[in-house]
2 protein chains.
Amino acid sequence: MKRHLISEIVDCVGQQVELRGWVLRRRDHGKIIFCDLRDRSGVVQVVVVPDFSDAYESAQEVRSEYAVSIVGRVKARPGGASNEGLSTGSVEVEADSLRVLSRTAGDLPIDISKEDLDVQLPTLLDHRYLSLRHKKVNSIFAVYSELIASYADAMREAGFREIKTPKLLSNATEGGANFFKVKYFDRWAYLAQSPQFYKQAGVGAFERVFEIGPVFRAEPHFTSRHVNEYVSLDAEMGFIDSYEDLMDQLEDVLGFVVSRVSERCSGALLDHGSEISVPERFVRMKLTEALEILRKEFGKKLDDVDIDPEGERLICEYVKREYGSDFVFLTHYPAKIRPMYAMPSDDPQYTNSFDLLYRGVEIATGGQRIHEYAALVENIKRHGLNPEDYADYLEMFKYAMPPHGGWGMGSERVCQKFLGLASIKEAIMFPRDVKRLTP
Amino acid sequence: MKRHLISEIVDCVGQQVELRGWVLRRRDHGKIIFCDLRDRSGVVQVVVVPDFSDAYESAQEVRSEYAVSIVGRVKARPGGASNEGLSTGSVEVEADSLRVLSRTAGDLPIDISKEDLDVQLPTLLDHRYLSLRHKKVNSIFAVYSELIASYADAMREAGFREIKTPKLLSNATEGGANFFKVKYFDRWAYLAQSPQFYKQAGVGAFERVFEIGPVFRAEPHFTSRHVNEYVSLDAEMGFIDSYEDLMDQLEDVLGFVVSRVSERCSGALLDHGSEISVPERFVRMKLTEALEILRKEFGKKLDDVDIDPEGERLICEYVKREYGSDFVFLTHYPAKIRPMYAMPSDDPQYTNSFDLLYRGVEIATGGQRIHEYAALVENIKRHGLNPEDYADYLEMFKYAMPPHGGWGMGSERVCQKFLGLASIKEAIMFPRDVKRLTP
């Protein structure tokens, strides 16, 4: 007998089926035992009566979260007894046999059969093997999986080639500090903070590239927005006319992602009481305008250079109120707070760069890159850095790099904001922070 | 004017188009200058005549690999002048204007306009920014991109959820040696050798999971089959009946991958003179049978425990000759050469495990895992290891793990073998080995 998924059996009334999964809860009514069985497709009520003595005996031994195989007949539940809260609520399975595949050892530290887990973040993560089984937690990773798949599909559709670039680097010179050091045979290597240099090399070869891969940041942050290892959704695009092309492309990609996640994960979004939508074009404003709004509208004093997390939250609030949009591009970041490869604007104090804010936080950062060898050497010096330290990187610019740019987007932050999660760590199966390297 | 891709213009005879790309070669015939222009979609001949004086002037300055934008009219080439070797060979573009977007600096170290690059591997990799532009090298990464995309599509189609697991681990206890050590704030962490433990956790939560991600091996190998960082195609599958289910599933996945790569990368395969196909079912033989064949058919003396690289090559030769298949599963590896989590066979000297060989090398390794807590503790001890070192891992087995197993497959090895490349390093954009951490 072929195993059926629970989601398939509403169409199998009268048939004998085999189901496999975990016992979500078990209620012993003496003459009759009810088990709610959960598999990857859903939950269904299983009824065990003493007439089927083997099944009944096994069912008495069963506890929450045991893994079992059940053979039984699918029955329609009488109108009054049907469960509206369950997609399989119109049927139940009367077990002929129940086989325990695997047992739990000891008591369960958290009760995952409740509608809300209702535990603090450290508990949620300490008992990750179990908390991942909870319906709402599971939903997060259904959304996450669809998010990265739809990102890849959107990029391919737009002619971007998927690449994989090395995470082990010889130098910690990518344009930031806070690298993790790795003992690499008889020397030191560094973990990539981003695929920046390699995706630019990808442009030189293939014009348009994207990568989905881990990045590592040795930043001692303790916030709800930061982790030390995350998965970045990167892209880099050659032969652009201006850096506006990059924002246009990112809008298209997010439009596709949002519509796919809405369509394929409607249940998961519902679990979290979340709705997502995307305007055709996102609001774009200069960083200086945003700072002006913060001063005028919110009386916020800023140093005129950069925006802070509270400022990002307030600007999103403002844009939502004024334009009805969850998304806003802030553009023209000052050269002194952007890396040495950022393309200067017409006013060279600024750069052709942007951050994309969504529901109060920055989810992507990007911009045009300098593509001419001599200009890049100059800009490296202007940043007080030594071009010799960038010899490997500079090499690619000897072979006519086209005008180009791209972005990096934090996949887990997007997922967090799609679902309104309090912490980014809820959107990562096994998050890594300064204190946490386990499980 | 919207940019056209070169592949689109055969249908644009008589139209004015803008093309962007790199000059593959330039031939100056005095009265007329020919440029072969390359973009991500193909190559086309551009003709520049003195009538269009601006274009003609720019074309005189142009050198190989300059990035340019060309506006011109698409013309049909007269029958005799058409180039059969080029998919755009029936047309050419007469340039009205030619704009240099970016220049090369100095001489090019390798000539990428030749049909064969004809350089040694170190040269190929030292000049990676340039060698990636060569048609045959580019083809490798077209295949690679399709390989990982089709793997993901096949897994999703079979109900596997895509997950991303941490690459930073607190312990080096995954069941192998040769971990890279990372300075992690005030302590040490280790780079993941495989997502093994975490994908098993994924089974506990989601039943079926897959991951495409980097793995790191601190092995001091110097072979054509090894690198120290590669991208593993992992999968793990719960509620299996037996470990044969895993091989069935892997066959289906590879069947899908091979057909998609054949279909969508036919040109790239042709560039490498390669054809790929897949039998419906792969030959499966016990490792002991394989060792027996090696003795009988090839007079090879072996220690009766494991097969070596030469043995793998010879067995593939034998299976190709006897069964016409490029694929063969070797099964039932001895417990002493498999990790502590490998499920013992009926004869507990052996395990329910397999390696998949393809065209002479192992491309995947997998098997069933022990899913019961007590049995796993016992097996850890039997391997001379301390269960306390595996406390985090063992935790998941307290919550009823279902019977399960999975595989890890080396993406670059598959790509290498699809195309018949001499070294795996040719199938990696920026490979990492004991000596090489650059570019």
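Conventions we followed
Position numbers for residues count from 1 along each chain, tracking the sequence in the order it is written. Chains carry letters from A onward and ligands carry numbers from 1 onward, assigned in written order. Per-residue local features are limited, in this predicted model, to residues with pLDDT of at least 70; the limit for side-chain atom pairs, both in listing and counting, is 80 or more; totals at the level of whole chains, interfaces and linings are taken over all residues. Here the side-chain values reflect all heavy atoms present in the structure, with hydrogen atoms and water set aside. Any carboxyl oxygen of Asp or Glu that lies within 4 Å of a side-chain nitrogen of Lys or Arg is treated as forming a salt bridge with it. Only protein chains enter the accessibility calculation, which uses a 1.4 Å probe. A residue is then buried if its area is under 20% of the maximum for its type, exposed if over 50%, and partly exposed in between. Pairs of residues are marked as contacts when any of their non-hydrogen atoms sit within 4.5 Å. Values labelled buried area give the accessible surface lost by two parts on being combined, using a 1.4 Å probe and summing over both. The term polar contact refers here to a pair of N or O atoms within 3.5 Å; inside protein, the definition further demands a hydrogen-donor-capable atom paired with an acceptor-capable atom, and it admits residues adjacent in sequence only when both atoms are side-chain atoms. Going along the chain from the N terminus, every DSSP run of H or I of four or more residues is numbered as a helix, and every run of E of two or more is numbered as a strand. Values of pLDDT, ranging from 0 to 100, describe the predictor's confidence in every residue of the model. All the domain ranges listed were derived from an automatic or database domain assignment. The copies were overlaid with a least-squares fit restricted to C-alpha atoms from residues scoring a pLDDT of at least 70 in each copy. Two strands form a pair only when DSSP identifies at least two bridges running between them.

Enquirer: So what's going on with the pattern of salt bridges? Which residues, and what values?
Expert: Residue and element names in this part refer to chain A. Taken as a whole, this structure holds 85 salt bridges over all chains when the rule is applied. In this structure, aspartate 326 and lysine 320 form a salt bridge, with 3.0 Å as the shortest nitrogen-oxygen distance. Of the residues examined, aspartate 326 reaches a relative accessible area of 12% and is grouped as buried. One salt-bridge network, in which partners are shared between bridges, spans Glu244, Asp248, Glu251, Asp252, Arg281 and Arg284.

Enquirer: Summarise the interface of chain B and chain A; cite the residues concerned and give the values.
Expert: Each partner contributes to the interface: chain B provides 95 residues, whereas chain A provides 95 residues. Together chain B and chain A conceal approximately 8100 Å² of surface at their shared face, both sides included; 61% is due to carbon and sulfur atoms. Applying the counting rule to chain B against chain A returns six salt bridges. Residues arginine 40 of chain A and glutamate 207 of chain B are paired through a salt bridge, measuring 2.9 Å at the closest nitrogen-oxygen approach. The interface formed by chain B and chain A contains 45 residue pairs in polar contact (both at pLDDT 80 or more).

Enquirer: I'd like a description of the side chain of aspartate 39 of chain A, backed by residues and values.
Expert: Considering the arrangement of structural elements, one finds aspartate 39 of chain A in strand S2 (residues 33-39). In this structure the side chain of aspartate 39 of chain A is engaged in a polar contact, spanning 2.9 Å, whose partner is the backbone nitrogen of isoleucine 6 of chain A. If sequence neighbours within four positions are ignored, aspartate 39 of chain A has contacts with Arg3, His4, Leu5, Ile6, Arg20 and Gly21 of chain A together with Glu207 of chain B.

Enquirer: Give me the confidence of the model for chain A: which residues, what numbers.
Expert: Scored by pLDDT, chain A has a mean of 95; 99% of the residues are at 70 or more. Across the interfaces of the predicted complex, the ipTM metric reaches 0.97, alongside a pTM of 0.97.

Enquirer: So what about the environment of aspartate 54 of chain A? Which residues, and what values?
Expert: Residues and elements named next belong to chain A. Inspection of the secondary structure assignment puts aspartate 54 in helix H1 (residues 53-61). What makes aspartate 54 exposed here is its relative accessible area of 59%. For the pair aspartate 54 and leucine 98, spaced 44 residues apart in sequence, the C-alpha separation works out to 7.4 Å.

Enquirer: Quick rundown of the domain arrangement of chain A? Include the residues and the values.
Expert: Taken domain by domain, chain A consists of domain 1 (6-102) and domain 2 (135-427). Taken over C-alpha atoms, the centre of domain 1 of chain A sits 47 Å from the centre of domain 2 of chain A.

Enquirer: I'd like to hear about the relation of the copies chain B and chain A, residue by residue, with values.
Expert: With an axial shift of 0.0 Å and an RMSD of 0.0 Å, the rotation relating chain B to chain A amounts to 180°. Expressed as an axis order, the relation between the two copies is that of a two-fold axis. Taking C-alpha positions as reference, the residue of chain B nearest the rotation axis is valine 182 of chain B, located at 2.2 Å. A share of 100% of interface residues in chain B that are also interface residues in chain A marks the association as one of identical surfaces.

Enquirer: Go over the sheet that holds strand S7 (residues 168-169) of chain B, please, and point to the residues and values.
Expert: Two orientations exist for strands paired in a sheet by backbone hydrogen bonds: parallel and antiparallel. With antiparallel pairing, the six strands of this open sheet are ordered in space as S7(A)-S9(A)-S8(A)-S8(B)-S9(B)-S7(B). Of all strands in the sheet, those with a lone pairing partner are strand S7 (168-169) of chain A together with S7 of chain B, marking the two edges. Where strand S8 (residues 181-184) of chain A lies against strand S9 (residues 187-191) of chain A, four bridges are found, and the strand directions are antiparallel. Among the inter-strand pairings, lysine 181 of chain A is bridged to a residue of S9 of chain A, identified as tyrosine 190 of chain A.

Enquirer: So what's going on with the side chain of threonine 331 of chain A? Residues and values would help.
Expert: Residue and element names in this part refer to chain A. Here threonine 331 shows up in strand S13 (residues 327-331). A relative accessible area of 4% means that threonine 331 is categorised as buried. There is a polar contact of 2.8 Å between the side chain of threonine 331 and the side chain of histidine 332. Ignoring anything within four residues of it in the chain, the contact list for threonine 331 reads Tyr243, Met247, Met285, Lys286, Leu287, Ser353 and Phe354.

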